[in-house]
Amino acid sequence: QTLWQGLPVLTCADEVSFSRFVSLLIHALGMQELVTTGLEQYQKLAIELANDKKTLKVLRDKIKAARYIAPLFNIALTVRHIESVYQLIWRHYQAGLSPDVLNVEEVRH
C-alpha cells in the first residue's frame, strides 16, 4: 500500500528476513536506490531525502509511474507466473523426477 501510494520505502538489506523481503519488493519495482547495505548508509539516505524535497519528489514520481508497469503490481502476470510454476512442478512430478531446483522461465504479458 505504501509503495502504491508513491511513498519511498527505505530498507537495509541485512540478515533480517523482513528486510530482505522489502528489499526484493523494492528491486521488483525498479527502485534499487532505496535499498541500503548498512545502518550508516540507511541513516545517511534518510537524512538526505528528508532534506532534499526535489529528489524526494523525483522518487515519488518514479514509484507512481512504475506502479502501472512493474511486475510487482501486475496481479494477472503474477498469477500466470505462479500457474506456470505449478505446471512445471506437476510435469516434473509426473516424470518421476526427484525434487530438485527447477529453472522457471520468465512469463511475458
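This text gives an overview of the structure that appears in the document.

Cut-offs applied
- Residues numbered from 1 in each chain as written.
- Predicted model: local features only at pLDDT ≥ 70, side-chain atom pairs only at ≥ 80, totals over all residues.
- Heavy atoms only, no water.
- Helix = DSSP H or I, 4+ residues; strand = E, 2+ residues; numbered from the N terminus.
- Rg over C-alpha atoms; globule rule 2.2 N^0.38 Å.
- Buried < 20%, exposed > 50% of the residue type's maximum accessible area, 1.4 Å probe, protein only.
- Contact = heavy atoms within 4.5 Å.
- Areas by Shrake-Rupley, 256 points an atom, 1.4 Å probe, with all protein chains shown as cover.
- Salt bridge = Lys/Arg side-chain N within 4 Å of Asp/Glu carboxyl O.
- Expected span 1.5 Å × (residues − 1).
- Core = buried A, V, L, I, M, F, W, Y, C linked by side-chain atoms within 4.5 Å.

Focus on the overall build of the protein
Part 1: Scanning the protein for helices and strands turns up four helices and two strands.
Part 2: Along the protein, from the amino end to the carboxyl end, the secondary structure elements read β-α-β-α-α-α.
Part 3: Relative to its length of 109 residues, the protein is extended, with a C-alpha radius of gyration of 18 Å against a globular reference of 13 Å.
Part 4: For the protein, the spread of C-alpha atoms along the three principal axes comes to 60 × 30 × 20 Å.
Part 5: Going through the 109 residues of the protein one by one, you find that 22% of them count as buried.
Part 6: Put simply, of all contacts in the protein between residues at least 6 apart along the chain, 60% involve residues at least 24 apart.
Part 7: Carbon and sulfur atoms form 60% of the exposed surface of the protein, whose accessible area is close to 8100 Å².

Quick word on the pattern of salt bridges
Part 1: In this structure the tally under the stated criterion is two salt bridges.
Part 2: With a closest N to O distance of 3.0 Å, Glu 33 and Lys 62 form a salt bridge. Of this pair, Glu 33 sits in the loop between helix H1 (17-28) and strand S2 (35-36) while Lys 62 sits in helix H3 (residues 53-66), and the two are 29 residues apart along the sequence.

Quick word on helix H4 (residues 75-94)
Part 1: Taking 1.5 Å of rise per residue, the 20 residues of H4 would be expected to cover 28 Å, and the 28 Å separating its terminal C-alpha atoms lies within 8% of that figure.
Part 2: Of the residues flanking the end of H4, it is Gly 96, one or two places downstream, whose phi is positive at about 75 degrees.

Considerations on the environment of Met 31
Part 1: Position of Met 31 among the secondary structure elements: in the loop between H1 and S2.
Part 2: In sequence terms Met 31 and Ile 69 are 38 residues apart; their C-alpha atoms lie 13 Å from each other.
Part 3: The residues touching Met 31, leaving out its near neighbours within four places in the chain, are Ile 26, Leu 59, Lys 62 and Ile 63.

Some thoughts on the nonpolar core
Part 1: By size, the foremost hydrophobic cluster in this structure holds 14 residues, and its most contacted members are Ile 26, Leu 29, Met 31, Leu 34, Leu 49 and Ile 63.
Part 2: Looking at this core, the elements with two or more residues in it are H1, helix H2 (39-51) and H3.
Part 3: Element by element, the count of residues in this core is highest for H3, at three residues.
Part 4: Setting aside residues up to four positions removed in sequence, Leu 49 forms contacts with Leu 10, Leu 34, Thr 55, Leu 56 and Leu 59.

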